[in-house]
Every structure is written in structure tokens, then in C-alpha cells.
Amino acid sequence: MTAASRYTYLGPEGTFTEAAIRTLPEAATRELVPMISVPAALDAVRSGEAAGALVPIENSVEGGVVATVDELASGKPLMIYREVLLPIAFALLVRPGTSIESIKTVTGHPVAQPQVRGWLRRYLPEAQWESAASNADGARLVQEGRYDAAFAGEFAAAIYGLEPLVTDIHDAHNATTRFVLVGRPARPAASTGADKTSVVLWLRADHPGALLEVLQEYSARGVNLTRIESRPTGKGIGQYCFSVDCEGHISDRRVGDALMGLRRLCPDVRFLGSYPRADHVEPTVRAGTTDEDFLSAADWLTRCLDGRPGEAGRTASER
């Protein structure tokens, strides 16, 4: 297959990322290539070796996946085109014949540990945890005899010749991981009415109220944030950028106007895309922030400049 029909994902085979990418309708007609890390999966897209990459970006228990957040904020720009929400439950995978009493070492992805910490404390309080590059890689290491057990998806057991000793492990019910399909920059897909828009922001200067000024650009236009996360820029202590998701599409007047305000305020804004929400939740648009309200206000300003203010002071939603 050509690069245009190739998708990469955080591998190896048997990861939750693989399970997530196989939920995409087009997965059946794509070559799915596992990569050793998030940066490797995204670099394949940057270099043109793949058309897209599916990577984890957020977990409902642990929060942001820093490898993905940082990669999207740096390097050659990429864009998000879709998101996938996958419920997460772990299985304790072991080599055949292993008993729970004999388990002394366990492994899994670092993001998995906070999701099973309580279970470990209760059932394997003496076991030593070592992080792996992914949950599936942890299963591979158990297969090789380097660890006694791994936390991974139950579906990984057959791939690595292991047995699920315990299943449906999670400290938090309804734990979910959010994945994003990332590609090279292009025109965003049309608005669906239930979308998200993602950006990375850099503040012009560190001063009291600097972050508040950024947030007010959203608030003043009635744009709701669904995630905001600070990340160090690497330029020194106290130097941060902010990864932000909000409700709405860049073509929505309130969202586009907020982004223009941010671009005036910030030295740099990296647009990461507008894409359909996986949960299909439509935003609540308050009075005065609809597209019609923005168009009405622009029309009123034009009339004022022309010396014919007309219906001054009334928004479209008030007529």
C-alpha cells in the first residue's frame, strides 16, 4: 500500500491504541503500522510515510498524555482530524501456570499505573512496578520472562501467548482514554454542529493576569473550554505554553473571533484543528454569541461608519 493509505499508531500490536484505531470506519482499508513511540508515529506523518497517526492524548484518570501534548506543540505542525473515546479496563496478563501469589514484578505503560494503583495496593502490595513503553510492550516483556505480570488489554493475551489471570481491573469506573487522529495541515472538515477546536498558546510575557487575559478571549465570546493544560517550553523555569480544547468549530463566528483575539494577544498560536466530537455533544450557545449575532453586530458597525446606525444596540437574538 502507498503512504496515502497508511496509518501509524502507538504500538506494538495489542495496545489500546490499536483497539481504538480499529474502531475507525476506514481502518479496514488502511495499512495499520505499529510504532515504538508517540513521536515515531507522528514523525511518520511529518515525513510523508503515513497519511495519519492515532495517538492517545488524554485519560479521564491521569489527565493529559504528555508525549502527545508536547509533540503537537513542537516540531513541524500537524493537525487533528478526529477523536476516539475508548473505555479502558485492564487485565493482569501472566505466563501460563503463574499464580497471583508468585507475582513479584509487574509492568505496564506509565499512564496505566494510576488507573490500577488501588488494585495493586490491595492485591499485590509487595509487587515492584516497572514502566514499559506501552501496555502491549509490557505484555511482550512478560512473554520474554523479564517480568511476572503486565497490565494490558485482555485482547493482548492471545497475541503474546499469555493468560488473563484477572480481568476488568480499574480503580475508577467509566475510565476512558481519548485518542486523536493526526495528519498534515489542510483545510478543516466542515462543521458538524458538535465539534472541538484545539490550539497551543504561548503567552507574550509572564505577568499577573496573563492567563486570565487568554481565558477572557474565550469567555467574552461564550466559548466553553473542555481542556486546558500547561506544559513547560524548555526555555527556563516558569516558561509555559498552554494546550487548549474548546467547544465549537473555527468556522463558528464566536470561535473564530476568539482565535483572532488570541492571535493578537499571544506571540504565537498553533492551530491544531477543528474536528467532530466523539461524544456528539452540541455546545450551548448563549444569547449574543450566535453567528447571526456576530453578523448583525458587523452590519451595525458598517451602518455606523456609513452614517446610518439603524437598529443600534439590538442583537439578532433580541429582534
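Residues numbered from 1 in each chain as written. Predicted model: local features only at pLDDT ≥ 70, side-chain atom pairs only at ≥ 80, totals over all residues. Heavy atoms only, no water.

As recorded by an unreviewed UniProt entry, the protein carries the name Prephenate dehydratase and is attributed to Streptomyces millisiae. Database annotation for the protein, UniProt heading Pathway (unreviewed entry): "Amino-acid biosynthesis; L-phenylalanine biosynthesis; phenylpyruvate from prephenate: step 1/1." (UniProt positions renumbered as here; feature names shortened; annotations may be inferred.)

### Observations regarding the overall build of the protein
When you go through the protein residue by residue, the secondary structure sums to nine helices and 15 strands. By principal-axis analysis of the C-alpha atoms, the protein measures approximately 85 × 45 × 40 Å. The long-range share in the protein, meaning contacts at least 24 apart out of those at least 6 apart in sequence, stands at 75%. Summed over all atoms, the accessible surface of the protein reaches about 15,500 Å², with 52% contributed by carbon and sulfur. Taking the average location of the 33 positive side-chain charges in the protein and that of its 40 negative ones, the two points are 5 Å from each other. (Helix = DSSP H or I, 4+ residues; strand = E, 2+ residues; numbered from the N terminus. Contact = heavy atoms within 4.5 Å. Areas by Shrake-Rupley, 256 points an atom, 1.4 Å probe, with all protein chains shown as cover. Lys, Arg positive; Asp, Glu negative; His and termini not counted. Charge placed at Lys NZ, Arg CZ, Asp CG, Glu CD.)

### Thoughts on the UniProt feature "domain: ACT" (unreviewed entry) in the protein
Within this numbering scheme, the UniProt entry marks residues 199–276 as carrying the feature "domain: ACT" (unreviewed entry). Span residues 199–276 is 29% helix and 37% strand, its end C-alpha atoms 15 Å apart.

### Comments concerning the sheet that holds strand 9 (residues 149–152)
One open sheet accounts for five strands, arranged 8-7-9-6-10; its pairing is mixed. Of all the strands in the sheet, just strand 8 (128–131) and strand 10 (163–169) have a single pairing partner and so form its edges. Here the average twist between neighbouring strands, direction ignored, is 25°. Bridge count between strand 7 (residues 105–108) and strand 9: two bridges; the pairing is parallel. Of the residues in strand 9, the one forming a bridge with V106 is A149. (Pairing = 2+ DSSP bridges. Axes fitted to C-alpha atoms, helices over the stretch in contact; angles between N-to-C directions.)

### Details of the UniProt feature "domain: Prephenate dehydratase" (unreviewed entry) in the protein
Look at the UniProt record and you will see "domain: Prephenate dehydratase" (unreviewed entry) annotated at residues 6–184. When the span residues 6–184 is considered, its composition is 26% helix and 34% strand, and the gap between its end C-alpha atoms is 13 Å.

### Concerning the packing of helix 7 (residues 210–219) against helix 8 (residues 253–265)
Viewed as axis vectors pointing N to C, helix 7 and helix 8 meet at an angle of 160°, and their least axial separation amounts to 8 Å. Judged on the interaxial angle alone, helix 8 and helix 7 are roughly antiparallel. Crossing hand, helix 7 versus helix 8: right-handed. Residues E213, V214, E217 and Y218 of helix 7 touch helix 8, and the partners they reach there are A258, L259, G261, L262 and L265. For the contact of helix 7 with helix 8, the residue count by class is six nonpolar, one polar and two charged. (Parallel < 35°, antiparallel > 145°, perpendicular 65-115°, else oblique. Left-handed = near helix turned anticlockwise from the far one by under 90°. Nonpolar A, V, L, I, M, F, W, Y, C, P; charged D, E, K, R; others polar.)

### Focus: the sheet that holds strand 15 (residues 268–276)
Across the sheet, four strands lie side by side as 13-14-12-15; this open sheet has antiparallel pairing. The open sheet is flanked by strand 13 (225–232) and strand 15, the only strands paired with a single partner. Sheet twist, expressed as the mean angle between neighbouring strand axes with direction ignored, is 15°. Taken together, the seven bridges between strand 12 (residues 195–202) and strand 14 (residues 240–247) define a ladder with antiparallel strand orientation. Within the sheet, the bridge partner assigned to W202 lies in strand 14 and is C241. The strands touched by helix 7 are strand 12, strand 13 and strand 14; relative to strand 13, the strand with the most contacts, the crossing angle is about 155°.

### Examining unusual backbone geometry
Residues G11 and P12 are joined by a peptide bond in cis, for which omega reads 5°. Tracing the backbone shows P12 in the loop between strand 1 (6–10) and helix 1 (16–21). With phi around 60°, H280 is a residue other than glycine that occupies positive phi space. As for its position among the elements, H280 is in the loop between strand 15 and helix 9 (291–305).

### Concerning the domain arrangement of the protein
Under the domain assignment, the protein is made up of domain 1 (1–88 + 173–186), domain 2 (91–169) and domain 3 (188–287). Taking only C-alpha atoms, the centre of domain 1 and the centre of domain 3 are 21 Å apart. Between domain 1 and domain 3, the residue contacts involve 22 residues of the former and 21 residues of the latter. A combined buried area of about 1,600 Å² lies between domain 1 and domain 3, and 54% of that area is made up of carbon and sulfur atoms. Contact with domain 3 buries surface across domain 1, with A73, I80 and E83 losing the most and accounting together for 31% of the total. (Domains from an automatic or database assignment. Buried area = accessible area lost by both parts, 1.4 Å probe.)

### Observations regarding the packing of aromatic side chains
Tallying each qualifying case throughout the model produces five aromatic pairs. The interplanar angle of 35° and the centroid separation of 5.0 Å between the aromatic rings of W119 and Y123 together place this pair among those described as tilted. Note that W119 and Y123 are positioned in helix 4 (residues 113–123) at a spacing of four residues, about one turn of the helix. With relative accessibility at 12%, the residue W119 sits in the buried group. Put simply, the rings of W119, Y123, W129 and F151 pair up and form one aromatic cluster. (Phe/Tyr/Trp six-rings, centres within 6.5 Å; stacked < 30°, edge-to-face > 60°. Buried < 20%, exposed > 50% of the residue type's maximum accessible area, 1.4 Å probe, protein only.)

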